[in-house]
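Summary of the model geometry
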Amino acid sequence: MELTQHCYAEISLPAFRANVRHAKKTLAGKAKLMIAVKSEAYGHGGLTLAHAAREAGADALAVLDIAQGIQIRAAEPDIPLLCWLHSPTSDFGGAARAGLDLGISGTWQLDLLVAQAPGMNTRVHLKIDTGLHRNGALAKQWPDLVRHAAAIEADGHITVVGIWSHLADTSLEEDNASLQRFHDAVEIARAAGLTPSLLHIAASAAAADVPEARLDMVRVGIIAYGVSPFGDRTAQELGFQPVMSVRAQVVSHSPRGDTATLGMGFGDGLLPPHAGRGWVTYAGVRYPIESVEADHLIIGSAADVALPPVGEWITLWGDSRGESPRAEDWAEWADTIGDEVVSSLGAHVQRKVIDEN
Ligand SMILES: Cc1ncc(COP(=O)(O)O)c(C=O)c1O
């Protein structure tokens, strides 16, 4: 790939495949593994990583909405592919024709599905809200939802293959309470005549820390990209390696020679660190980040040490040898989570895909 910009991201498919295999072994165990490739696979490239996830043994994929699902379905015709965020204008008919699995949170979604895709036996996963309050039917809506689903399943419009929820992961006690609410909801669904074979509630964090939450399938996102969902453990400590590595070129030195300009800024998706927090390394020396502007960032000089030469490439994050900052460091400097650091990378920033296989 010819580099035409002063910054680029290297995307390592061997690292991603190794992470997916590691997730299967250590996070899924006997459960199936669904890999989340939403938001363009957290900024890494949706189609490419969907393909690599399936090659590495993922049993299913997840994206946010039907539009993304239809896009990925064009490249991945067979793997189960779950979409769960819908609006009244979502293309339920297109989803059914593409053979997508639909996460369903309300009866209005079932009505739209039946109106647009009658008799198509669309695979549905009913979602119960167990405390996160982001999506899913409330406990008081649940009996109605499962009754309605059972009726239209009997008419051949849908097959309820799964029941699911999402955990808040704020504490073990909260997750355990949510898990209990989930099992109660499954009982109500079974009593209504549903026979779901896929119960799933755990994402990366709970799959690692709450083995009893793995159930039939775990939905793993950020950790498969080598970014930790935990404040107290790095992804590397858990056996995952960074997939995205971002580099920016030294484009100039200031006339006084005390600062250097690197060719990446917030217009490229770089999250500006709070004052005094950020740094980069070159040849084993740390240089403080003085500011992040629209299309560049400025680094200061470390005492008595020369600035990195003009033309050199500096790794901003993702160096698996661990000398450079990690995506999680950038997250900490900007008071956010690693998901935002990698997903914010501008769509225009060149992705250099490494594939040794
Ligand atoms: C419903 C659902 N499942 C799974 C995931 C993956 O979560 P994580 O990236 O923490 O593994 C997400 C991510 O937001 C999600 O919204």
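The model shown is predicted, which means the values in this text are computed figures rather than measured ones.

1. Comments concerning the site of the ligand
Taken together, Lys38, Tyr42, Trp84, Arg134, Trp164, His166, Ala203, Ser204, Arg219, Val220, Gly221 and Ile222 make up all the residues around the ligand. Contacts to the ligand include Ser204, whose side-chain N or O atom sits 2.5 Å from an oxygen atom. Ile222 places a polar main-chain atom, nitrogen or oxygen, 2.8 Å from an oxygen atom of the ligand. Considering the ligand on its own, with 390 Å² of exposed area, one finds that the protein chains cover 89% of that surface. Of all the secondary structure elements, the ones that give two or more residues to the shell around the ligand are helix H2 (38–43) and strand E9 (217–220). Residue composition of the shell around the ligand, grouped by class: 6 nonpolar, 3 polar and 3 charged.

2. Describing unusual backbone geometry
Trans peptide bonds make up the majority, and among non-glycine residues the majority have a negative phi. Even without a glycine there, the phi angle at Ser39 is positive, about 50 degrees. For Ser39, the position within the fold is in helix H2. At Leu215, a position not held by glycine, the phi torsion is positive, near 50 degrees. You can see Leu215 is positioned in the loop between helix H9 (204–209) and E9. Judged by its relative accessible area of 25%, Leu215 is partly exposed.

3. Description of the environment of Ala150
Assignment of secondary structure puts Ala150 in helix H7 (residues 142–154). Among the residues examined, Ala150 registers a relative accessible area of 16% and is labelled buried. Residues Ala150 and Val285, 135 residues apart in the sequence, show an inter-C-alpha distance of 63 Å. The residues touching Ala150, leaving out its near neighbours within four places in the chain, are Ala192 and Leu194.

What counts and what doesn't
Residues numbered from 1 in each chain as written. Predicted model: local features only at pLDDT ≥ 70, side-chain atom pairs only at ≥ 80, totals over all residues. Heavy atoms only, no water. Near = heavy atom within 4 Å. Polar contact = N/O pair within 3.5 Å; in protein donor to acceptor, adjacent residues only side chain to side chain. Areas by Shrake-Rupley, 256 points an atom, 1.4 Å probe, with all protein chains shown as cover. Helix = DSSP H or I, 4+ residues; strand = E, 2+ residues; numbered from the N terminus. Nonpolar A, V, L, I, M, F, W, Y, C, P; charged D, E, K, R; others polar. Buried < 20%, exposed > 50% of the residue type's maximum accessible area, 1.4 Å probe, protein only. Contact = heavy atoms within 4.5 Å.

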